[in-house]
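# Chain and residue survey
Here's the letter readout for the chains.
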Amino acid sequence: MMAFWRNQKTRGWLYQFAALLLVAACIVWLADNTLENMRVRGIQSGFGFLAQPAGFDISESLFAYESTQPYWQAFLTGLGNTLKAAVLGIIFTTILGVLLGVGRFSHNILLRGLCLTYVEIFRNIPLLLQLLMWYLVIVELLPTAREAEPFLGIYLSKAGLSLPWFGDVPVKAGFGIKGGVTLSPEFFALLLGLVIYTASYIAEIVRSGIASVPRGQHEAAYSLGLSRAQTLRFIQLPQALRVIIPPLTNQYLNLTKNSSLAVAVGYPDLVSIANTSINQTGRAVECIAVIMAVYLTLSLLTSAFMGWYNRRAAIKER
Amino acid sequence: MNWLRSNLFNNVFNSSVTVLLGTLLLYALTQAWGWAIGQAVWVADAEQCHAARGTGACWGVVAEKYRIIIFGRYPFEEQWRPLLATLLLMALLLASCMRVFWQRWFAAVWVVVLTVFFILMHGGVLGLATVTTDQWGGLPLTILLASMSVLGAFPLGILLALGRMSDLPVIRSLCTVYIELIRGVPLISVLFMASFLFPLFMPEGTSIDVLVRVLVAMVLFAAAYLAEVIRGGLQAIPRGQYEAAVSLGMGYWLMQRKIILPQALATVVPGIMNNFISTFKDTSLVTIVSLYELTGSLDLAVNSDPDWMAYKLEGYLFIALIYFVFCFSLSRYSQWVERQVNRGKVH
């Protein structure tokens with residue numbers, strides 16, 4: 001009779017049991033150490049602190065927020081700011097990325113070269129550095145709000161970017177700018193950095209997506225008398241979409257996760273508010289758990305949505 | 001003439017695009033040239049820089065501060081050590097890129113060079129003064145973090161990918177949960193974990209060096225992404241390869257090592273190299289948990305000095321150039337490797 005440990009099935013179960021035991025042991029060991037350390041250092045645990053007043057101000061928020069409000073509302077405000085950056089970022093980066101990707105197929109060598117140069121430059125410099133540079137340019141090199149000159153009703157100054165909004169045109173008032181919609185310098189730097197950086201990746205995705213559409217497709221389109229723009233719009237892009245969507249989803253997720261770099265330019269997103277909370281309360285475990293839980297949920301939601309969209313765009317086999 | 005016509009002026013629309021873009025580009029380039037080269041100040045002279053402010057760049061800030069930018073807080077008199085260590089490590093990395101050195105004995109060279117690197121950086125032996133890791137900074141730290149994360153993430157990534165493709169349900173779910181968990185959260189939260197939570201995880205009384213903690217975090221993070229890249233390669237291997245290996249009587253590990261992994265890794269070389277490039281760029285994030293690699297050491301160099309504070313942008317551009325050179329050459333190198341591994345394939 002064969003010894004039982006020679007049996008592949010039995011060995012498989014043994015391995016799995018060992019792995020499970022190992023992981024469980026690790027978790028227990030880490031948790032035990034953590035509890036012991038927290039006891040020794042007198043760190044309190046639990047999510048009870050979320051109900052206490054936060055006590056710090058948040059420079060910008062979608063909804064009214066005051067420092068007397070509890071921590072959970074501060075976190076919610078941070079989440080709102082994260083979502084604001086992510087949603088606007090995704091919209092603008094898609095537009096810019098698609099334009100740059102399509103530009104790589106232009107007959108005009110100047111345009112083609114420009115798109116290529118853009119991609120190579122912005123992909124090869126760390127996002128954090130780009131964010132810091134944009135922020136520096138905005139707060140150091142732009143004119144002050146007082147000296148800023150409007151361009152088509154748009155003010156670009158140390159106070160950020162002010163845009164007209166449905167007839168509400170920004171005007172200078174005292175030391176600042178009133179009216180319209182104003183993006184704070186922090187938010188503007190973050191948005192600019194995220195959009196410009198991610199667009200270089202999206203451009204490559206769009207380019208390879210279009211390149212994956214067989215040549216015969218656009219030759220057929222031309223011979224039907226479609227123009228170049230029509231071919232792109234009705235023949236190439238819809239087919240390229242199937243190749244594009246999965247990696248594009250990844251880029252959207254990356255952009256959302258990268259918005260956490262806001263902490264470096266002082267935009268109050270979820271991570272920077274969690275960071276402030278850790279420094280104030282010492283509840284590192286809980287705050288990091290909140291960050292991770294929120295980002296995981298966002299990731300899963302985005303994946304689910306893009307999965308649904310992908311199924312819609314997929315080839316319908318009949 | 002023909003070239004011009006077919007590439008730039010083949011119809012009315014293209015011609016107008018050319019004229020418009022050309023004018024804009026010409027304007028932008030002359031402005032940029034004037035600022036960065038023509039009117040720029042190249043010497044470390046604060047007065048001249050001040051005079052040129054607004055019209056020309058002040059590269060003097062780099063000339064004045066390059067030692068802090070490159071070496072961070074490393075003691076000034078001892079900076080020949082990180083210089084030598086970095087040159088050694090870079091030579092090693094460069095050599096590793098060459099086909100001649102893709103040999104087994106080269107692993108020993110790695111061990112030797114890394115040991116020398118740590119001895120040079122840390123000191124404490126051979127009459128070298130001890131320099132603790134919290135004083136390491138700048139380019140040596142960036143390169144160390146990048147190469148060590150890649151070195152650590154690669155084996156871990158392979159194991160995770162194999163685990164996720166395994167037939168054993170428990171192993172598969174453990175690996176899947178790990179990969180998805182890490183890929184779902186931003187690197188910065190993993191780094192926060194390294195700086196705030198890792199000390200709590202260890203038995204009471206032990207403390208791990210912050211550099212090691214951050215390195216572990218970078219490895220754990222990069223491995224999850226790498227695992228997904230490698231899994232793509234594993235999925236591309238036809239079933240017949242597995243069946244052939246099994247029918248030759250190969251065990252699991254022998255099969256993976258000799259048959260599956262060599263083919264799987266070869267198909268995903270671009271993905272792996274992209275992962276390395278992102279890891280290199282990601283090292284810039286450690287500045288948020290106060291390790292002074294290139295980005296952090298620039299702050300260190302410029303922020304404290306009112307004479308030069310105004311020229312931080314030039315400093316940023318300087319380190320952006322360093323990052324660009326590294327990442328760009330890596331991406332070019334990746335294309336070369338791709339050609340190398342595909343050489344044997346019949347198309």
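These numbers come from a predicted model, not from an experiment.

The number of helices and strands found in chain A is ten helices and five strands. Here the C-alpha radius of gyration of chain A, 26 Å, is well above what a compact globule of 318 residues would show, namely 20 Å. Expressed as lengths along the three principal axes of its C-alpha atoms, the size of chain A is roughly 75 × 75 × 35 Å. Within the span of chain A, comprising 318 residues, buried residues form 36% of the whole. Sequence separation of 24 or more characterises 59% of the internal contacts of chain A that already satisfy a separation of 6 or more.

Helix and strand counts for chain B stand at 15 helices and zero strands. On the principal axes, the C-alpha backbone points of chain B span a range of 75 × 70 × 40 Å. Counting the 347 residues in chain B, one finds 34% classified as buried. Long-range contacts, defined here as pairs at least 24 residues apart, represent 69% of the contacts in chain B between residues at least 6 apart.

A separate point is the nonpolar core. In this structure, Leu131, Leu190 and Ile291 of chain A together with Leu191 of chain B are the most contacted members of the largest nonpolar core, which totals 150 residues. With 17 residues, helix α5 (residues 185-211) of chain A is the largest single contributor of residues to this core. Composition of this core by domain shows at least three residues from each of domain 1 (39-74 + 131-341) and domain 2 (76-116) of chain B. Once you skip the residues sitting within four places of it in the chain, leucine 190 of chain A turns out to touch Ala85, Leu131, Ser259, Ala262, Val265 and Tyr267 of chain A.

Chain B puts 40 residues into the contact, and the matching count from chain A is 45 residues. Every element with two or more residues in the side of chain B that touches chain A is listed here: α2 (12-38), α8 (169-184), α9 (187-201) and α15 (312-341) of chain B. Of the residues assigned to the side of chain B that touches chain A, the class counts are 28 nonpolar, nine polar and three charged.

On to the environment of serine 189 of chain B, then. Turning to its location among the elements, serine 189 of chain B is positioned in helix α9. Sequence separation of serine 189 of chain B and alanine 63 of chain B is 126 residues, and the distance between their C-alpha atoms is 36 Å.

Let's shift gears to helix α1 (residues 8-41) of chain A. Given a rise of 1.5 Å per residue, 34 residues ought to cover 50 Å, and the 49 Å separating the end C-alpha atoms of α1 of chain A matches this to within 8%. Glycine 42 of chain A lies just past α1 of chain A and shows a positive phi near 70°.

Residues and elements named next belong to chain B. Along its sequence, chain B is organised into domain 1 (39-74 + 131-341) and domain 2 (76-116). Here domain 1 and domain 2 have C-alpha centroids that lie 18 Å from each other. Between domain 1 and domain 2, the contact holds ten residues from the first and ten residues from the second. Considering each element in turn, the side of domain 1 that touches domain 2 owes the most residues, four residues, to helix α7 (residues 138-164).

This part takes up the sheet that holds strand β2 (residues 160-163) of chain A. Residues and elements named next belong to chain A. The strand order β1-β2-β5 describes an open sheet built from three strands, whose pairing is antiparallel. Across the chains shown, the open sheet's two edge strands, defined by having one partner strand only, are β1 (155-157) and β5 (181-183). When the angles between neighbouring strand axes are averaged without regard to direction, this sheet yields 10°.

In the contact formed by α1 of chain A and α8 of chain B, the axes pass within 8 Å of each other and the chain directions differ by 35°. Contacts between α1 of chain A and α8 of chain B involve Gln16, Ala19, Leu20 and Val23 of chain A on the former and, on the latter, Val170, Ile171 and Leu174 of chain B.

Attention shifts here to the pairing of β2 of chain A. All names here are of chain A. In terms of strand pairing, β1 meets β2 through three bridges, oriented antiparallel. Looking at β2, one finds that tyrosine 155 is bridged to serine 162. Count of turn residues in the β1/β2 antiparallel hairpin: two residues. As defined by bridge partners, β2 adjoins β5 across three bridges and the pair is classed as antiparallel. Directly across from leucine 163, in β5, lies its bridge partner valine 181.

Another aspect to go through is helix α9 (residues 270-281) of chain A. The first and last C-alpha atoms of α9 of chain A sit 16 Å apart over twelve residues, in line with the 16 Å expected at 1.5 Å per residue. Among the residues making up α9 of chain A, those that are buried are Leu270, Val271, Ser272, Ile273, Ala274, Asn275 and Ser277 of chain A. Of the surrounding secondary structure, the elements contacted by the buried residues of α9 of chain A are α2 (71-103), α8 (262-265) and α10 (284-313) of chain A together with α9 of chain B. Phi turns positive one or two residues past the end of α9 of chain A, at glycine 282 of chain A, with a value near 75°.

Moving on, we come to the environment of isoleucine 188 of chain B. Relative to the helices and strands, isoleucine 188 of chain B resides in helix α9. Residue classification places isoleucine 188 of chain B among the buried positions, given that 26 C-beta atoms sit within 10 Å. For the pair isoleucine 188 of chain B and isoleucine 288 of chain B, spaced 100 residues apart in sequence, the C-alpha to C-alpha distance is 8.1 Å. Apart from the residues within four sequence positions on either side, isoleucine 188 of chain B is in contact with Ser260, Leu261, Val263 and Val271 of chain A together with Leu285 and Ile288 of chain B.

A word on the confidence of the model for chain B. Averaged over every residue, the pLDDT of chain B is 84; residues scoring 70 or more account for 98%. Among the prediction metrics, the complex's ipTM stands at 0.88, with pTM recorded as 0.88.

About the criteria used
- Residues numbered from 1 in each chain as written.
- Chains lettered and ligands numbered in written order.
- Predicted model: local features only at pLDDT ≥ 70, side-chain atom pairs only at ≥ 80, totals over all residues.
- Helix = DSSP H or I, 4+ residues; strand = E, 2+ residues; numbered from the N terminus.
- Rg over C-alpha atoms; globule rule 2.2 N^0.38 Å.
- Buried ≥ 20, exposed ≤ 12 C-beta atoms within 10 Å, placed from the backbone.
- Contact = placed C-beta atoms within 7 Å.
- Core = buried A, V, L, I, M, F, W, Y, C linked by C-beta atoms within 7 Å.
- Domains from an automatic or database assignment.
- Nonpolar A, V, L, I, M, F, W, Y, C, P; charged D, E, K, R; others polar.
- Expected span 1.5 Å × (residues − 1).
- Pairing = 2+ DSSP bridges.
- Axes fitted to C-alpha atoms, helices over the stretch in contact; angles between N-to-C directions.
- pLDDT = per-residue confidence, 0-100.

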